[in-house]
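Given next are the chains, with one letter for each unit.
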Amino acid sequence: MAQHTPALLLMLLLCTPSANSSFQPALVLEMAKILLENYCFPENLIGMQEAIQQAINSGEILQISDRKTLAAVLTAGVQGALNDPRLTVSYEPNFVPVMPPMLPSLPIEQLIRLVRNSVKLDILENNVGYLRIDRIIGEETTAKLGSLLRDNVWDKVAHTSSLIFDLRYNTAGHLSGVPFIISYFSDPEPLIHIDTVYDRPSNTTRELWTMPSIKGASYGKKKDVIILTSKRTMGAAEAVAYTLKNLKRASIVGERTAGGSVKVQKIRIGGSDFYITVPVARSVSPITGQSWEVSGVSPTVNVVAKEAVTKAKSLLAVRRAIPKVVKSICDIIERLYAFADRVPALLQHLQSTDLFSVVSEEDLAVRLNQELQTVSEDPRLIIKYIQDNVATVEEDSELYKVPDDPELLKALVDTTFKVKILPRNTGYLRFDKFVQSSALTKMEEVMAKKVWEPLKDTNNLIIDLRYNTGGCSTSLALILSYLQDISQKHHFFTIYDRIQNTTTAYDSLPQITGPTYGSKRGVYVLTSYYTASVGEEFAYLIQSLHRGTVIGEITSGTLMQSKTFQIQWTDLAITVPFINFIDNNGECWLGGGVVPDAIVLAEEAVEHVNEIADFHQGLRSVMEGTGALLEKHYAIHEVALKVSKVLLSKWAEGLYRSVVDFESLASQLTADLQEASGDHRLHVFHCDIEPEPLHDVAKIPTAEEVGYIIDALFKIELLPGNVGYLRFDMMADIKVLKAIGPQLIKLVWSKIVNTDAVIIDMRYNTGGYSTAIPLLCTYFFDAEPLRHLYTVFDRTTTTMTEVMTLPQVGGQRYGSTKDVYILTSHMTGSAAEVFTRTMKDQNRATIIGEPTIGGSLSSGTYQIGDSVLYASIPNQVVFSAITGKVWSVSGIEPHVIAQASDALHVAQRLIAAKLMKREQEK
């Protein structure tokens, strides 16, 4: 901005209508001189005088004869150029400067009268102080009136519980009085740097700090202070409001302030009747690095000025209530919260939370809720702002009254449970409420006949919870028992009740009246957005126990495990979970809604059951087919046998009931294969058409293509210190390398073979063909003796092949003594890893960079049965020539770990350090 603003000003001057006159150039030059000597941002004026003089000399400045028009044009030009609305040019032939009276020079009686007229103090209800100051007096005046101010203002204010500080009518004052006021609302130590003021005419900078001592009692830092502002609030009053706000010592209520200035002067331009108004000083807050000037002070709570007192009173009422609110919340949490071990940390956090900036009950609710969620990580523990009384809904005890009359009992079962046999011999069971276990036990004999007897021979069972809004958790165990084999005990869930301080485990019942449905047949639970409370718990347990498949919509996320309390005398309410629902895996379920295995519209859920049930019928054959492929093709046979058994075991345990299509099946199979084998290269994917082989037969390039291939694939460079750099991002087939061999040696290899060290960059090499690895390695060893590099076992051919260096190569060898550095990244894979690991194994290279991906030397892709799933199976395993052990599939750990982007620089530093050490040893 500094160097370009003069050009903007000149453009405005040059684009005005022309007239013949002669005073304008001198006027503009004088104006520029005033700005250069007085404007508080001199850095924005660099080059202005020279640029204007050059324009005048060129004769291009347009003349304006009308003085007021010229003033308006100059104002627009200077404001637009410097982006400062305070800069104005006026034409005032009759202007008479008025000098404001110097307050310190006035008689003491007049000073007292002035201060009393500009200060009003009152004590409101609840011991709220009200202090209105319409003028900020400077430090000299303050020193003269210190005792008066202490006795009549500050000592009286000090005894109030909170303060409304009214600056709405404060339009004048002196900046030197600001530290005096700020000091009353802060501690004496440490001193606070509150402002820095730069004065351009004197070219001086003054720092304003709080005072180490004041006359009268300090208001301190603890009690609430609300500052009232309006559009008229200006100057030093803005400095007070801005500082106390950003020190987090006061909240601002009212309107954005005027955005005045520290000091503005009206200066005559030369001997003319033109005047320019210039801000000659500027303020920069060390707290924010910014200023209240021009932009003003934005309120914490924005209301029209005339309503500010009322709003401030309500805000103070909220703030007075905060300690009681926090204590009430702490008491409720301490007494009821189910996670008793988290209570001490929660209470400590709540009691130490800074709630200074809270401006309403709604804001308080948001802040407290955020704090609770951060510490507890429990979405059930909630604080809300409510405007209606919290209605506590109690369960209707009549729901659990079961009649003794057999006919009435049958009628109750008929209305509670709806049973059908759907096409394809699919059972259908709907109930919209979970009744108490005691009531259910009384109904069980009737249920056995009316519910479980009709369903016992169905192929699959649909349990419809789309309209189930909850009930009693204790009945879950009985219903779940019908869906398990009674020959063994199953643990379903545990409930911890903080109020009763009891922990109850719910297991399968040893005896049930009706025929069990067992654990083998498919169970499909239907859900909707209306499924709530215990209905959600049932759906969750079906997934957790791997007993069925949930189909439909995400449930409502409503759990009847909490109590809601309204905080007295407020519109705040806290919901506290007093029960923890712990599943069969020992995990506490925090609710939030159950996500179905198959998400479909609730009204379409039944239609999807048959489709998913048919899919599940074919899962066993997919498991068996995957296991057979592993046993036939996976490189390590004993691992393949183990993984094959794991897959069938997981299927038998119901762990694949959550799988509802081929995409999710591929994902689950991949995860299970990798977990059971420890080999991340095993992968199952879904493909509607047979995938193409990963590597086609290598194409031998024509003579015309050779140069292009070398340019495209190989990058070479000679680095300082006679260090060679070679980068190639793909491992080519041996046939291709032999075809381009002579040109490769001439154009690439010959340029780096005589270097003292070489850096081979494999950071971007994701692999390719492994056939050329022996040739590439051979260049870095001597001709004799031949080196055993590694051994490959191929499962498809059951052959063991020792890979050796070659007796002869084209061109010159690099030899076995010069240093080799290989750069790696997390992308380095497949054949590129084999080369890198071989060089590391043979202690022939220093590896620098990131651990590699751990890719496979060779993998085959095989269709799983006649399905649309394919398995990528590594069929080769590599044995180290040094240790005789199988190479790890976890990737290569570099000698020097570094970010891939830094690896080259690290290698160069190592080479330089090694060279220096050799020189010193000489």
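Here the structure is a predicted model, which means the values were calculated and not measured. Throughout this document, residue positions are counted from 1 along each chain, in the order its sequence is written. Where local features are concerned, this predicted model is filtered to residues with pLDDT of at least 70; where side-chain atom pairs are given and counted, the filter is 80 or more; whole-chain, interface and lining totals use all residues. Note: side-chain values were computed over all heavy atoms of the structure, leaving out hydrogens and water.

## Some points on the overall build of the chain
Going by this rule: Secondary structure follows DSSP: runs of H or I at least 4 residues long count as helices, runs of E at least 2 residues long count as strands, and numbering of each begins at the N terminus. In this scheme, a residue with accessible area under 20% of its type's maximum is buried, one over 50% is exposed, and one in between is partly exposed, where area comes from a 1.4 Å probe on protein chains only. Pairs of residues are marked as contacts when any of their non-hydrogen atoms sit within 4.5 Å.
Of regular secondary structure, the chain possesses 25 helices and 38 strands. A buried classification covers 50% of the 922 residues belonging to the chain. Restricting to contacts in the chain with at least 6 residues of sequence separation, those with at least 24 account for 76%.

## Re the sheet that holds strand E36 (residues 869-874)
Applicable threshold: By this definition, two strands are paired if DSSP reports at least two bridges between them. Angular values range over 0 to 180 degrees, each being the angle between N-to-C directions of two axes fitted as lines to C-alpha atoms, with helices fitted over their stretch in contact.
Spatially, the 3 strands line up as an open sheet ordered E27-E36-E35, and their pairing is antiparallel. The open sheet terminates on both sides in strands that have one partner only, identified here as strand E27 (683-686) and strand E35 (859-863). On average, adjacent strands in this sheet sit at an angle of 25° to one another, irrespective of strand direction. Running over the sheet, helix H20 (residues 662-677) touches E27 and E36 and is turned about 175° from E27.

## A look at the sheet that holds strand E23 (residues 572-577)
Taken together, the 3 strands give an open sheet; going across it, the order is E14-E23-E22, and neighbouring strands pair in antiparallel fashion. The open sheet is flanked by strand E14 (382-385) and strand E22 (562-566), the only strands paired with a single partner. Averaged over all adjacent pairs, the angle separating strand axes in this sheet is 20°, with direction ignored. Relative to E23, E22 is paired through 5 bridges, and the arrangement is antiparallel. Bridge pairing links Phe 565 to Ile 574 in E23.

## Remarks on the packing of aromatic side chains
Going by this rule: Centres within 6.5 Å make a pair out of two Phe, Tyr or Trp rings, where for Trp the six-membered ring is used; the pair is then stacked when the planes are under 30 degrees apart, edge-to-face when over 60, and tilted otherwise. Any Lys NZ or Arg CZ found within 6 Å of a ring centre and within 35 degrees of that ring's normal is scored as a charge over the ring.
For the coordinates displayed, the defined rule picks out 26 aromatic pairs. Pairing Phe 581 with Trp 589 gives two aromatic rings, centres 6.3 Å apart and planes at 70°, and the pair type is edge-to-face. Phe 581 gets classed as buried once you look at its relative accessible area, which sits at 0%. Members of the aromatic cluster, joined through ring pairs, are Trp 154, Phe 165, Phe 180, Tyr 184, Phe 185 and Tyr 219. A cation over an aromatic ring shows up here: Lys 223 above the ring of Tyr 219, its NZ or CZ 4.2 Å from the ring centre.

## Some thoughts on the pattern of salt bridges
Basically, it comes down to this: Here a salt bridge means any side-chain nitrogen of Lys or Arg lying within 4 Å of a carboxyl oxygen belonging to Asp or Glu.
Tallying each qualifying case throughout the model produces 25 salt bridges. With a shortest N-O distance of 3.0 Å, Asp 84 and Arg 86 are connected by a salt bridge. Considered together, Asp 84 and Arg 86 belong to a single accessibility category, that of buried residues. Residues Arg 466 and Asp 464 are paired through a salt bridge, measuring 2.7 Å at the closest nitrogen-oxygen approach. Here Arg 466 and Asp 464 have matching classes, each one buried. Overlapping salt bridges bring together Asp 84, Arg 86 and Glu 293 as one network.

## Focus: the environment of Lys 885
As for its placement among the helices and strands, Lys 885 is situated in the loop between strand E37 (876-880) and strand E38 (896-897). Spatially, the C-alpha atom of Lys 885 lies 9.9 Å from that of Thr 791, the residues being 94 residues apart in sequence. Beyond its immediate stretch of four places on either side in the chain, Lys 885 contacts Val 878, Phe 879 and Ser 880.

## Topic: the confidence of the model for the chain
Keep this limit in mind: A residue's pLDDT is the confidence the predictor assigns to it, expressed on a 0 to 100 scale.
Across the chain, the average pLDDT comes to 87, with 90% of residues at 70 or higher. Between the elements of the chain, mean pLDDT differs from a low of 44, seen in helix H1 (residues 5-14), to a high of 98, seen in strand E21 (residues 549-552). Segment residues 1-21 is flagged for pLDDT under 50; beyond a separation of four residues in sequence, or across chains, it makes 48 contacts in the model. Between residues 390-400, whose pLDDT stays under 50, and residues either more than four places distant or in other chains, the model counts 14 contacts.

## With respect to unusual backbone geometry
With omega at -5°, the peptide bond leading from Glu 189 into Pro 190 counts as cis. Mapped onto the elements of the fold, Pro 190 is located in the loop between helix H8 (178-184) and strand E7 (193-199). Backbone torsion omega between Glu 784 and Pro 785 reads -10°, so that peptide bond is classified as cis. By the secondary structure assignment, Pro 785 is in the loop between helix H23 (773-778) and strand E31 (788-794). The phi angle at Asn 722 is positive, at roughly 55°, despite the residue not being glycine. Looking at Asn 722, the relative accessible area reads 34%, which means it is partly exposed.

## What about the pairing of strand E10 (residues 251-254)?
Just so we agree on the cut-off: With the strands pointing away from the viewer, any crossover whose connection runs clockwise from the first strand over the helix to the second is right-handed.
Side chains Ser 251 and Val 253 project from E10 onto one buried face, and the interleaved Ile 252 and Gly 254 project onto a second face that is buried too. Note: strand E9 (residues 225-229) against E10, 4 bridges, orientation parallel. Each residue of the ladder has a partner; that of Ile 227, found in E10, is Ile 252. With respect to chirality, the unit in which E9 leads through helix H9 (residues 236-246) into the neighbouring parallel E10 is right-handed. Relative to strand E13 (residues 301-302), E10 is paired through 2 bridges, and the arrangement is parallel.

## Considering helix H7 (residues 146-158)
Counted only if it meets this: Under the convention used throughout, the expected extent of a helix is 1.5 Å for every residue step, that is, one less than its residue count.
Between its terminal C-alpha atoms H7 stretches only 16 Å, short of the 18 Å expected from 13 residues at 1.5 Å a residue. Those residues of H7 that sit buried are Gly 146, Leu 148, Leu 149, Val 153, Trp 154, Val 157 and Ala 158.

## Notes on the side chain of Arg 795
The condition that has to hold: By the counting scheme adopted, Arg and Lys are positive, Glu and Asp are negative, and His together with the chain ends is not counted. Under the rule applied, a polar contact is a pair of N or O atoms within 3.5 Å (in protein, one hydrogen donor and one hydrogen acceptor; residues adjacent in sequence only if both atoms are side-chain atoms).
Structurally, the position occupied by Arg 795 is in the loop between E31 and strand E32 (799-804). The side chain of Arg 795 sits in the buried core without any salt bridge; Glu 631 is the nearest counter-charge, 7.6 Å away. Of note is the side chain of Arg 795, whose polar atom sits 2.8 Å from the backbone oxygen of Glu 631. For Arg 795, the side chain forms a polar contact with the side chain of His 637, separated by 2.8 Å. The contacts of Arg 795, once residues within four sequence positions are left out, are Glu 631, Lys 632, His 633, Tyr 634, Ala 635, His 637 and Asn 875.

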